[in-house]
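# Summary of structural features
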Amino acid sequence: MIVAEQKDITEIVKMIEGCQNILVIGCDTCVTVCLAGGAKEVAILASGLRLALKVQGKEAEVHETSIERQCEKEFVDALKSAVKGHDLLISTGCGIGVQTIAEQFPSLPVIPALNTKLLGLPEKQGVWVERCQACGQCILDKTGGVCPISRCSKSLLNGPCGGSQNGKCEINKDIDCGWHLIYERLKALNRLESLAEIMPVKNWSTSRDGGPRKVIREDMCL
Amino acid sequence: MDNHLDSCTGGNNGIPVKIGVFFCTCGHMMNDYFDVKALMDYAAQVPGVAFVDENRFLCTRSGLEWLRSKIVRSGCNRFVIAGCSPHQYEVRFMNVLEEAGLNRSFLTIANIREGCAWACADKEGCMPKARQILSSAIKRVALAKPLEKVRRKVESSALVIGAGISGIQMAIELHGLGLRPILVEKQEKVCPKDASFMNPCTQGAQGSDEVFSSGWITQKLKELDDKKIEILTSSQVTQVKGGPGAFRVTLETAGQEKILDIGSIVVSTEPEKRAVQKMTALRPSHRIVSLSGLSDLVTRERRALEQILVTADKRTKYVCFILGEAEGFAKRSTVMALNEAIALKKQFKAEVVIAARDIIVSGTQIETLYQKARQAGILFFRSTEDSGPTVSIEKGVITVRIHDPALDRPSAKAASGNAGVCGSQESEGAARPVIIHADLLVFEDEILPGEDTECLKNALRVNLNKGGFYQEANIHLKPNLSNKKGIFLAGSCHGKEETCEALGDVRSVAMAVYSTLSRGYLETEQKVVIDTDKCALCLTCFRSCPHQAIEIGEVELGQKWGAKVIPEACQGCGICAGECPAKAIEMVHYSDNQIFSELTLER
Amino acid sequence: MDFTPAIVAFCCENSAYRAADIAGAQQEGYPSNIRICRLPCSGKLEIIHILKAFEEGADGVFVFACHPDSCKFLLGNVRAGKRIDHTSTLLEKIGIEKERLRFFFLSELEWTAFVEMVRLGNESIRNLGPSPVKKEP
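To keep things clear, this report deals only with the structure shown in the data block. (Residues numbered from 1 in each chain as written. Chains lettered and ligands numbered in written order. Predicted model: local features only at pLDDT ≥ 70, side-chain atom pairs only at ≥ 80, totals over all residues. Heavy atoms only, no water.)

## Side note on the interface of chain A and chain C
Facing 14 residues of chain A, the contacting portion of chain C comprises 15 residues. The contact between chain A and chain C buries some 1500 Å² in all, and 68% of this surface belongs to carbon and sulfur atoms. Here chain A and chain C share two salt bridges between them. Of the charged contacts, one joins Glu55(C) and Arg50(A) as a salt bridge, the two residues approaching to 2.6 Å between their closest N and O atoms. At the junction of chain A with chain C, the criterion picks out three residue pairs in polar contact (both at pLDDT 80 or more). For the side of chain A that touches chain C, the secondary-structure elements that each account for two or more residues are helix 1 (9-15) and helix 3 (39-55) of chain A. (Contact = heavy atoms within 4.5 Å. Buried area = accessible area lost by both parts, 1.4 Å probe. Salt bridge = Lys/Arg side-chain N within 4 Å of Asp/Glu carboxyl O. Polar contact = N/O pair within 3.5 Å; in protein donor to acceptor, adjacent residues only side chain to side chain. Helix = DSSP H or I, 4+ residues; strand = E, 2+ residues; numbered from the N terminus.)

Following this line, the structure appears as structure tokens:
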């Protein structure tokens, strides 16, 4: 799941300066589940902005709505009538949602209300941790189901850096050493010998280093 | 305000809202505070209000009768009663609505007596406040949605987890009430873990008919057998779904999975015991035992005990009990120690000393037991937290030093002149320890939650308290209920200390189970509704419901997944509605719009 | 100062609402500008309810919850406390003094405390003056 976090409201207040008719658009999928941009947060943000504007003595209207998934053109298109009359859109979707809205409504400025943070899971209610970096070349089969790319601070492929202590990363004592986890897991699976295998240099071109990526499923293309 | 108008002009499923407002003048008393007639005129002009009337005493029988006839004749479908606090007669008025064939949720009380007339510090503020209370009540009731009632058939079976003393007694009591108990035991055989758990309340001391001994167990086991009570041994509960009246319990029975439909669940597991730290710090010796170890010696290894307490030289033997070293369960230790002390004194003519922080006598007949111990000549010393008894072993001699604060006073010097139990010559200062050369030293046990508590807690999804025992829903109001309705707690699994108390517990749990299941069905209001289309399946409500009344699964059989409320388990706090990030959960009687409607300020 | 603040008091019906009732029944007056909003539990109170109250022109919002560890629903007051903390920060960033939002623990029987809290709270809001939201543009 994509995990995002709401921007500081003061930052959003600055971004909406000069606008008269604002629409806050929520997304009912990932950002609802990570408690950042669902219907509830949209209502709070809209109300907060209305209050902030009134405090500043400005007159502006803030409306709110929410759609199923901001990352689908069809869902965003359905906003057409709702968007009418607004001079600024605020998206509480992830970065993808903001861009879909920007693409579908080229004449309207759209601003993000969230910072898209990571691909991960809730460790417990209210705490989310990273589990994937979308590197485009999954090696979880070799590492006992623990991802060294996202869970090792240095994304090392052939064992720990040597800086870890008591299973914790040298970057921060609160972070588990990814390679320690991999070792423990493989030990439990009785597959430690797989660590002896040297992993070749990773081809990062499937990750961000190759520029913007694209997935094509030829048989599904209409 | 808009919402309110919407619903008045047909937003409510097309049927226009017609509101009837009834004033109760509380025997004209209200007229002393404000002009009721003017308030009635004010109410009459609020959009949506179709009928206004007053009565002197709505709460009386004739008043209620009057209300019922007015409700029927007025042709209104929503009602506001302006009078005393909702805590006085709201339920009664709601019942009248129900009798008149309307949903009980279509009523809002405007609290203009306690909330306004009596409470206003300034007379001038009284009338505007009454108007404001009235107008929010009218707006609120216009937005009311019906509270649906759910009736569900309940199972007559009750699962009793843990076949200890409480568990066995529980099953027998439930069987006697005509229910179908199923006893689950983790071990291969039903046999209460430890005889010492039975020992505390012997006949005579407790004045009870029941004699707690191995005979008691044999008799109860026979009773289980005679009544053909179903017993599942080598079994553990692995998963519990559903709510009161209709639990679906998954068990692991001798390696096999078994699914049962159960009406109520009773947890009656037994706690564990551990030697106190003070005892484990000493070198192990057969002369140093725990209370439960002593019970074992008394019942099973009498010869070993005789070797310690009877010798050829006829020297008086000293037995010393040290109590108050463990957290909690002090009453249980007190009773056990008193019983054992009296027995040792009588049987072996030993000199018995009890050093305790506190002798707790708050239980059936424990005071008598204490007096009996005193009459038998048992010596009591008080120890304090900062100067507990110290124990040393030199050349096989166990020496206990007790600092009793009562003996610090000069007048008490003479009191400690017993042979063997003698005032110290060692120190001249204020602290004058009593020194005992004990032949047998007895420590109390530390009582801990059973080893499987954590596991069972996760299966049942109930809370534990700080000590790791099962937590009650409310220690005063619902002392036998866990945080989940339908799951009850009996005996020492939630810290009941001694057997008499535990058995009392069993009786009240049996009655509670009976009252839940005896009618064959449960009727509950659906206080919280979830809009499955909006539900994002984020699990927030599932995790945050304090009563585990929310389940995630197929909303209807074969349909898509979503969160659903178990109305029987829901207690109506609204925490889930407050947490839901998708605004999919609504509390019927406290919807967001209703709360917002109360916030609009009259200008 | 000739200013009567508008104050919304969210009261848990298991404690503060009853305390307010008793205060009324004891004829112990408290300021008439306190508007009491009954909740089944303080855990029902949402951030948006508080913000909406300010939007509607409240000068202060008081929230009454049961004492720690004595919520009828175990966690309601804890949840309310966390939401209040969050809302306070939000209000401050918006430009509304966080003192306008007050959180109190109260039990049913502490009606004298209720009156005291409401009176003092009312005074403190009066001293703060009208809510900045109500500034004329």
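## A look at helix 15 (residues 499-517) of chain B
All names here are of chain B. Its 19 residues give helix 15 an end-to-end C-alpha distance of 27 Å, which sits within 8% of 27 Å, the value for a rise of 1.5 Å per residue. Those residues of helix 15 that sit buried are Thr499, Ala502, Leu503, Asp505, Val506, Val509, Ala510, Val513, Thr516 and Leu517. Along the axis of helix 15, the buried residues cluster in a sector spanning 150 degrees; they form a single face. Structurally, helix 15 contributes buried residues whose contacts are with strand 6 (157-161), helix 7 (165-176), strand 12 (264-267), strand 24 (487-489) and strand 25 (521-525). (Expected span 1.5 Å × (residues − 1). Buried < 20%, exposed > 50% of the residue type's maximum accessible area, 1.4 Å probe, protein only. Arc of directions from axis to C-beta.)

## A few points about the sheet that holds strand 1 (residues 19-24) of chain B
Residues and elements named next belong to chain B. Spatially, 2-1-3-4 is the arrangement adopted by the four strands of the open sheet, whose pairing is parallel. If you trace the sheet from one side to the other, it starts and ends with strand 2 (49-55) and strand 4 (107-111), each paired once. Between one strand axis and the next, the sheet turns through 20 degrees on average, direction left out of account. One ladder, built from five bridges, connects strand 3 (residues 78-83) with strand 4; its direction is parallel. Note that in strand 4 the partner of Phe79 across the bridge is Leu107. Docked against the sheet, helix 2 (residues 36-44) engages strand 1 and strand 2, running at close to 165 degrees with respect to strand 2. On top of the sheet, helix 3 (residues 61-74) reaches strand 1, strand 2 and strand 3; it is set at about 160 degrees to strand 2, its chief contact. (Pairing = 2+ DSSP bridges. Axes fitted to C-alpha atoms, helices over the stretch in contact; angles between N-to-C directions.)

## Quick word on the nonpolar core
Ranked by internal contacts, the top residues of the largest apolar core, which has 67 residues, are Ile16(A), Leu49(A), Ile90(A), Phe10(C) and Val61(C). Sorting elements by how many residues they give to this core places helix 3 of chain A first, with 10 residues. Among residues more than four places away in sequence, those in contact with Ile16(A) are Ile22(A), Leu49(A), Leu53(A), Leu88(A), Ile90(A) and Ile111(A). Residues Val21(B), Tyr42(B), Ala110(B) and Val141(B) belong to the second largest nonpolar core, which totals 32 residues. (Core = buried A, V, L, I, M, F, W, Y, C linked by side-chain atoms within 4.5 Å.)

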